[in-house]
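Single-letter residue listing:
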Amino acid sequence: NLPPSLRAVVEMSRAQGEKIFLVYEDERVSFEAFYRAVSAFGRELQAQGVQKGDRVAIIMRNLPEWVLAFYAAASIGAVVTPLNAWWTGPELEYGLVDSGAKIAVVDAERYERIVEHLHNCPDLQRIYVSREEDEIAHPLIAKLEQVVGEPAAWGALPDQPLPPADIGPDDDATIFYTSGTTGKPKGALATQRAVNSNIFTAMAAGARVFLRRGEMPPAPDPAAPQRTGLLSIPLFHVTGCFASLNPTFFNGGKIVMMRKWDPIRAFELIERERVTLAGGVPTIAWQLIEHPARVNYDLSSLEGVSFGGAPAAPELVRRIREAFPNSIPGQGWGMTETCATVTSNGGEDYINRPDSCGPAAAVAELQIRDPADGVTVLPAGEVGELWSKGPMNAKCYWNKPEASAETFVDGWVRTGDLARLDEEGFCFIIDRAKDMLIRGGENIYCVEVENCLYDHPAIMDAAIVGRPHRTLGEEPVAVVTLKPGGDADEAELRAWVAERLAAFKVPVEVRFWPETLPRNANGKILKSELKKLFAQEPATA
Ligand code: ATP
Ligand code: MG
């Protein structure tokens, strides 16, 4: 049964006792120690006057304290509002003001960044700073360690239950901001039920690999090694928090947190902690496969490499099977507005359909609608806009009634993604509607051309962006990065695409980018940055 609230997940977790839940560098926190810290910090927040519905912001990179702040605030019914740790001072100010947060829990680095903006955030009543070396003498600011101690000492906190709070499945739980790939990030307000739905879809995705083969999923084996996830993506996005952290916590698994993404460090941690699940976003999966140092480590504990959140080249499945023959490849589609996972593809299904993000979870429903009217439902096989319905959907955007009315319609989320469904309900994401180019009346789906380029052995990174053209509207330009030692020139890459795709899809120009393409915290290529290249140039005739 789905736990009715995040608080209920915390209550259930206590049964795991002294098993390790969080690993960060040399720090290890057991489930029992974590529970005590959640109880202590929940009490502190209530003592500061935090009530149900009040926003508590978290501004930290992945640290045990992030997880603590998340569950402590959620356990007393506050609306947890994680902000993007990559944001600048003014962007963080936007997040704090937009959400009207009463409390902020921040790490020392982010504290430096926001301190001069605090006078612009009138709702803020208290700021907890973690891992700050210096003394703080400010009435609004406290050191988190003074309240709960350091993570290594959480087990010594008093044994007391969670403070009282009455929380139901329809109460608001979180505001997560979208990744800002296509515009200014928007906060999506989600209920307890919506957030916890992802626990169900994550587990169902694992089971489906067996059910499709006509087998029963294996019963949980108490002697099996603890499920261990390598957390290499930020917790402030739904993929990190909802798709990785929450299901692992619920299942008594272990989370190995990375200070920052680094493939060698990832290999070390996989070996040391016997990690069973790695991945997160496609770029990370690629780096795990391609890094030559991979062969120096014992990575045999890996049972799954899975990812979502951005287009994954079909080629990736085969490469995962070669590099990690014992692990099941998986991918899923979802968005902040759907609290992470809606579809998932894995195992043999994924091998057979390497370009699909899988069918919808049992509790969700997908439709392809005519983008022109947003109403007409298109038949299987046709490309249109993807609409998604299910208990995981957020309620609305926080503070944005107009954008909410466009996106949240009668229980459906209008995704802005172009997709098709096959006869069996497998979903194929074609492109973001905003990324699609129309060249003299012909549709060009950038993802298709990018995937074609990724098949070329010299390509590490590829993006297709539209350049304004006076008569054709737009024309495709490729921006690529070559692998170290990779060799290909413009003529060769254009010929490569021309052999495989229709002539109108062939990039008119290939630009070589000296380093990996600019990405946001979720690993998504920021095409807006690349388009700036062309903004200064005159439109081609
Ligand atoms: P913003 O909405 O602020 O522009 P964003 O859409 O990138 O940013 P997220 O909610 O993190 O913010 O990402 C959801 C989007 O990611 C989806 O709409 C889709 O375009 C893309 N996406 C997610 N999963 C997949 C997948 N498996 N395959 C292809 N694209 C995916
Ligand atoms: Mg979006």
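Heads up: these notes are all about the structure in this document. (Residues numbered from 1 in each chain as written. Chains lettered and ligands numbered in written order. Predicted model: local features only at pLDDT ≥ 70, side-chain atom pairs only at ≥ 80, totals over all residues. Heavy atoms only, no water.)

Another point: the pattern of salt bridges. Applying the stated criterion to the full structure yields 37 salt bridges. Residue Lys-505 pairs with Glu-448 through a salt bridge whose shortest N-O separation is 3.0 Å. Of the two residues, Lys-505 sits in the loop between α15 (490-500) and β26 (509-512) while Glu-448 sits in helix α14 (residues 446-454), which places them 57 residues apart along the sequence. When its relative accessible area of 14% is taken as the criterion, Lys-505 is described as buried. Overall, the relative accessible area of 31% leaves Glu-448 in the partly exposed class. (Salt bridge = Lys/Arg side-chain N within 4 Å of Asp/Glu carboxyl O. Helix = DSSP H or I, 4+ residues; strand = E, 2+ residues; numbered from the N terminus. Buried < 20%, exposed > 50% of the residue type's maximum accessible area, 1.4 Å probe, protein only.)

Among the 22 residues in the neighbourhood of ligand 1, the closest are listed as Ser-179, Thr-181, Thr-182, Thr-336 and Lys-524. Separating an oxygen atom of ligand 1 from a side-chain N or O atom of Thr-181 is a distance of 2.5 Å. Contact with the protein chains hides 95% of the accessible area of ligand 1, taken as 640 Å² for the molecule alone. Contributions of two or more residues to the shell around ligand 1 are made by β14 (328-335) and β21 (427-432). Element by element, the count of residues in the shell around ligand 1 is highest for β14, at five residues. Classifying every residue of the shell around ligand 1 by side-chain character gives six nonpolar, 12 polar and four charged. (Near = heavy atom within 4 Å. Polar contact = N/O pair within 3.5 Å; in protein donor to acceptor, adjacent residues only side chain to side chain. Areas by Shrake-Rupley, 256 points an atom, 1.4 Å probe, with all protein chains shown as cover. Nonpolar A, V, L, I, M, F, W, Y, C, P; charged D, E, K, R; others polar.)

It is worth spelling out unusual backbone geometry at this point. Its identity is not glycine, yet Glu-25 carries a phi of approximately 50 degrees, on the positive side. With respect to the helices and strands, the residue Glu-25 is situated in the loop between β1 (20-24) and β2 (27-30). Residue Glu-25 is classed as partly exposed on the basis of its relative accessible area, which comes to 30%. Phi is positive for Ala-340, close to 80 degrees, though the residue is something other than glycine. Here Ala-340 shows up in strand β15 (residues 340-346).

On to helix α11 (residues 315-323), then. Each turn of an α-helix holds 3.6 residues, which means side chains three or four residues apart point in the same direction. Of all the residues in α11, the buried ones are Glu-315, Leu-316, Val-317, Arg-319, Ile-320 and Ala-323. The secondary structure elements touched by the buried residues of α11 are α10 (282-290), β13 (304-308), β14 and α12 (347-352). (Contact = heavy atoms within 4.5 Å.)

A word on the packing of aromatic side chains. Per the counting criterion, the structure on display carries 18 aromatic pairs. With 6.0 Å between their ring centres and 0 degrees between their planes, Phe-31 and Phe-249 make a pair best called stacked. In this pair, Phe-31 is assigned in helix α2 (residues 31-47) and Phe-249 in helix α8 (residues 238-250), connecting sequence segments 218 residues apart. Residues Phe-31 and Phe-249 agree in their burial class; the two are buried. Where Tyr-71 meets Phe-249, the ring centres are 4.5 Å apart and the plane angle is 45 degrees; that geometry is what we call tilted. Of this pair, Tyr-71 sits in helix α3 (residues 64-75) while Phe-249 is found in helix α8, placing the two residues 178 residues apart along the sequence. By relative accessible area, Phe-249 is classed as buried at 0%. Taken together, the ring pairs in this structure connect Phe-21, Phe-31, Phe-34, Trp-66, Phe-70, Tyr-71, Trp-154 and Phe-249 into an aromatic cluster. (Phe/Tyr/Trp six-rings, centres within 6.5 Å; stacked < 30°, edge-to-face > 60°.)

Another aspect to go through is the pairing of strand β16 (residues 365-369). Where burial is concerned, most of β16 is hidden: four out of the five residues are buried. By the bridge criterion, five bridges tie β16 to strand β17 (residues 384-389) in an arrangement that is antiparallel. Bridge pairing in β17 links Gln-367 to Trp-387. (Pairing = 2+ DSSP bridges.)

Ranked by size, the top nonpolar core spans 77 residues in total, and within it Phe-34, Phe-41, Phe-70 and Tyr-71 carry the most contacts. Those residues in contact with Tyr-71 that lie beyond four places of it in its chain are Leu-6, Val-10, Phe-34, Val-38, Leu-245, Asn-246 and Phe-249. Core analysis: the next-biggest nonpolar cluster, separate from the first, contains 58 residues, Phe-267, Val-305, Ile-444 and Val-477 among them. (Core = buried A, V, L, I, M, F, W, Y, C linked by side-chain atoms within 4.5 Å.)

Following the sequence through the fold, Leu-472 ends up in the loop between β24 (459-469) and β25 (473-482). Sequence spacing of Leu-472 and Glu-25 is 447 residues, and the spatial spacing of their C-alpha atoms is 54 Å. Not counting the four nearest positions on each side in its chain, Leu-472 is found in contact with Ile-438, Arg-439 and Gly-440.

Here we take up the pairing of β26. Strand direction decides the pairing type here: β25 and β26, joined by four bridges, are parallel. Looking at the pairing, Ala-478 lines up with Val-510 of β26. Each parallel crossover has a hand, and for β25 linked through α15 to β26 it is right-handed. (Right-handed = clockwise from strand over helix to strand, strands pointing away.)

This part covers the packing of helix α1 (residues 6-13) against α3. For the pair α1 and α3, the least separation of the axes is 8 Å and the interaxial angle reads 115 degrees. By the angle class used here, α1 and α3 are roughly perpendicular. Helix-helix and strand crossings are classified by hand; for α1 and α3 the assignment is left-handed. Contacts from Leu-6, Arg-7 and Val-10 in α1 reach Phe-70, Tyr-71, Ala-74 and Ser-75 in α3. Class assignment for the residues of the contact of α1 with α3 results in five nonpolar, one polar and one charged. (Axes fitted to C-alpha atoms, helices over the stretch in contact; angles between N-to-C directions. Parallel < 35°, antiparallel > 145°, perpendicular 65-115°, else oblique. Left-handed = near helix turned anticlockwise from the far one by under 90°.)

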